[in-house]
Amino acid sequence: MWIVLAICSAILLGIYDVFKKISLKENAVIPVLSASIFISFLFFLPVLALSEWAPETAQHLRVFVPAIPWSTHLLIAFKSLIVLGSWISAYFGMKHIPITIYAPIRATQPIWTVVGALIIFSERLTLIQSIGVVLTITSFYLFSVIGHKEGISWKSNKWIWLILLATLLGTISGLYDKHLMKHFDKMAVQVFSTTYQAIAMLLVSALLWYPTRKSTTPFQWRWAILGISAFLIIADYVYFWALSEEGAMISIISTIRRSGAIVPFCYGALMLHEKNLKVKSFLLLGVLTGILLLAWEKIIAGTL
C-alpha cells in the first residue's frame, strides 16, 4: 500500500513543480512562495477547527490533528525551517534555470543521502547499488555539460548552486521526516509545519522583500499559485501517509517520490519547447535508472 501511495505522491509532486514554474515566470519569488504557503495555511484552518470542535468527524475523514506538547512543536518548527530553506533555494533556482535541467537535478536527491551515509557512517553498497550511484552521478555530470551548451556554467551559476542546496536540504528533511513519523502524528506534523512556515515567510516577506519590492521584479498574482498550494498539500498528505504505514522504507519512498521529475520534464519539453530534449531525456532516464538500482533490492524485499 505504501508503494502505491508513494507513486501517487510522486505524480502530485510533479504537477506541483509545473505550477511553480508557471507561477514564477517573470514574477517575484518571495511573494509567490509566501502566497502559496499562506493559502496552504488557510486550507488547514478548517481542519484545525474540525479537530477541535468535532474530533470524531475529523478522525473519520482522516484529518484529525491532535494536541501536541511544546517540545514536539519545537521539533516540527525545526523541520519547517529546513523545508523553507530548501523551498526558497529551489524557487529561486527554478525561476532562472530550464525546468528540463532543474527537474533531473532534484531527482538525484536519494543519491546524496547514500553518499552522505557512505562518508559519515562508512556504509557499504552492494554491486547493484554501486552501479546505480555511478550511473546517477555520471548522468548528473553530463547534465552539467548540456547546461554549459545552453550557456549555464555550473561552476559560476548561483542558481545551479541554489538548486543543489535545495536538494541537500531536501535530503536532510526526508531523513528527519522518517524520524518524526515514527514518533508523532502525521497530520500534526503537516499542519503545524505549514503554520510555522507561514509565520517564517511573513517575517521574510516583511524584512527582506517588502522594503526592496520597488527595485526588484514586481509581484503578479496568478491562479497557478493556488495549484502550488493544492497539489503540495495533497502530495505531502499522501507522502506522510506512506511514511506512517507499517514497513514503509524512506529509501524506497524517496526514490519513487523523485521519479515525479518526469512530469515537469514533459511539461518543459511539450509546452516550453526547451533545448536538447533527446539528450536530456536519455540522461533523465539514466538518473531514474540509477536511483531505481539504488533501492532495487529493498523494493524486491518490500514486495515479497
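Here, the structure is the one placed above.
Attention here is on the structure that accompanies the text. (Residues numbered from 1 in each chain as written. Predicted model: local features only at pLDDT ≥ 70, side-chain atom pairs only at ≥ 80, totals over all residues. Heavy atoms only, no water.)

**Here we look at the overall build of the protein**
Selection criterion: Secondary structure follows DSSP: runs of H or I at least 4 residues long count as helices, runs of E at least 2 residues long count as strands, and numbering of each begins at the N terminus. Radius of gyration here uses only the C-alpha atoms, and the compact-globule reference equals 2.2 Å multiplied by the residue count raised to the power 0.38. Contact definition: two residues touch when any of their heavy atoms are within 4.5 Å.
Summing up its helical and strand segments, the protein has 13 helices and zero strands in all. In sequence order, the secondary structure elements of the protein are arranged as α-α-α-α-α-α-α-α-α-α-α-α-α. For the protein, the C-alpha radius of gyration of 19 Å lies close to 19 Å, the compact-globule estimate for 304 residues. Projected onto its principal axes, the C-alpha positions of the protein cover 55 × 55 × 35 Å. The contacts of the protein with a sequence gap of at least 6 include a subset with a gap of at least 24, amounting to 85%.

**Things to note about the packing of aromatic side chains**
This is how it is decided: Two rings from Phe, Tyr or Trp (for Trp, the six-membered ring) form a pair when their centres sit within 6.5 Å of each other. Planes less than 30 degrees apart are called stacked, planes more than 60 degrees apart edge-to-face, and all others tilted. Two conditions define a charge sitting above a ring: the NZ of Lys or the CZ of Arg must be within 6 Å of the ring centre, and it must be within 35 degrees of the ring normal.
Overall, the coordinates contain seven aromatic pairs when judged by the stated rule. The ring centre of Y210 lies 3.8 Å from the NZ or CZ of R213, which sits over that ring.

**So, the packing of helix 4 (residues 70–96) against helix 9 (residues 186–209)**
Two numbers describe a pair of packed helices, the interaxial angle and the distance between the axes. Worth spelling out the cut-off: For helices, the axis comes from a line fit to the C-alpha atoms of the stretch in contact; other axes are also lines fit to C-alpha atoms, and the angle between any two N-to-C directions lies between 0 and 180 degrees. Under this scheme an angle from 65 to 115 degrees is roughly perpendicular, one under 35 degrees roughly parallel, and one over 145 degrees roughly antiparallel; angles in between are oblique. Two helices cross in a left-handed way if the nearer one is turned anticlockwise from the farther one by less than a right angle. They cross in a right-handed way if the turn is clockwise. Ten residues, namely Ala, Val, Leu, Ile, Met, Phe, Trp, Tyr, Cys and Pro, are considered nonpolar, four, namely Asp, Glu, Lys and Arg, are considered charged, and the remaining ones, Gly among them, are considered polar.
Contact geometry of helix 4 with helix 9 gives a least axis separation of 8 Å together with a crossing angle of 60°. The orientation of helix 4 with respect to helix 9, classified from their angle, is oblique. Regarding helix 4 and helix 9, the two cross each other, and that crossing is right-handed. Between helix 4 and helix 9, the residues in contact are W70, H73, I76, A77, K79, S80, V83, L84, W87 and I88 and A188, V189, F192, S193, Y196, Q197, A200 and M201, respectively. Of the residues contributing to the contact of helix 4 with helix 9, the split by class is 13 nonpolar, four polar and one charged.

**Some words on helix 5 (residues 99–107)**
Short version of the rule: Remark: exposure states derive from per-residue accessible area (1.4 Å probe, protein chains only) relative to the maximum for the residue type, with buried under 20%, exposed over 50%, and partly exposed in between.
Burial of helix 5 is extensive: nine of the nine residues sit out of reach of the surface. Those residues of helix 5 that sit buried are I99, T100, I101, Y102, A103, P104, I105, R106 and A107.

**Notes on the nonpolar core**
For the record, the criterion: In these notes, a set of buried Ala, Val, Leu, Ile, Met, Phe, Trp, Tyr and Cys residues joined through side-chain atoms within 4.5 Å is what counts as a nonpolar core.
In terms of nonpolar packing, the biggest core is built from 87 residues, with W87, Y91, W154 and I253 touching the most fellow members. Sort the elements by how many residues they give to this core and helix 10 (residues 224–244) lands first, with twelve residues. Ignoring anything within four residues of it in the chain, the contact list for W154 reads I101, I105, F140, F143, S144, G147, I160 and W161.

**Let's talk about a nonpolar patch on the surface**
Using the following cut-off: Without a salt bridge and with relative accessible area above 30%, a residue can belong to a patch; like charges are then joined within 9 Å and nonpolar side chains (Val, Leu, Ile, Met, Phe, Trp, Tyr) within 5 Å. For accessible areas, the Shrake-Rupley method is used with a probe of radius 1.4 Å. Any residue's cover is judged against the shown protein chains and nothing else. Any Lys or Arg side-chain nitrogen located within 4 Å of an Asp or Glu carboxyl oxygen qualifies as a salt bridge.
A grouping of I199, L203, L207 and L208 is seen on the molecular surface, where their side chains present a nonpolar patch of about 440 Å² in accessible area. By the secondary structure assignment, L207 is in helix 9. We classify L207 as exposed; its relative accessible area is 64%.

**Considering the environment of G170**
Structurally, G170 is set in helix 8 (residues 158–183). We classify G170 as buried; its relative accessible area is 11%. Along the chain, G170 and V83 lie 87 residues apart, while their C-alpha atoms are 6.7 Å from each other. Apart from residues no more than four positions distant in its own chain, G170 is found in contact with S86 and Q109.

**What to know about the state of the cysteines**
Where we set the bar: The disulfide definition used here is simple: a pair of cysteine sulfur atoms within 2.5 Å.
Applying the stated criterion across every chain yields a total of zero disulfides. The thiol of C8 is unpaired, and the distance to the nearest cysteine sulfur, on C266, comes to 18 Å. With a relative accessible area of 35%, C8 lands in the partly exposed category.

**Points about the environment of F265**
Checked against the element boundaries, F265 lands in helix 12 (residues 262–270). What makes F265 buried here is its relative accessible area of 4%. Distance from F265 to L283, taken between C-alpha atoms, is 12 Å for residues 18 residues apart in sequence. With near-sequence residues (within four places) excluded, F265 lies in contact with T100, A103, P104, L277, K280, S281 and L284.

**Comments concerning the packing of helix 1 (residues 2–24) against helix 10**
The interhelical angle for the contact between helix 1 and helix 10, taken along N-to-C directions, is 160°, at an axis separation of 8 Å. The angle between helix 1 and helix 10 places the two elements in the roughly antiparallel class. In this structure, helix 1 meets helix 10 at a crossing whose hand is left-handed. Tallied by class, the residues present in the contact of helix 1 with helix 10 amount to 21 nonpolar, three polar and one charged.

**Re the pattern of salt bridges**
Under the defined criterion, the tally for this structure stands at three salt bridges. Note that D177 is salt-bridged to K79, the shortest N-O span being 2.8 Å. Highlighted residues: D177 in helix 8 and K79 in helix 4, separated in sequence by 98 residues. Residue D177 shares its accessibility class with K79, and that shared class is buried. With a closest N to O distance of 3.1 Å, R257 and D236 form a salt bridge. One end of the pair, R257, is in helix 11 (residues 250–258); the other, D236, is in helix 10, and 21 residues separate them in sequence. Residue R257 is classed as buried on the basis of its relative accessible area of 12%. A residue is classified by how much of its surface remains accessible, and D236, at 14% relative accessible area, is buried.

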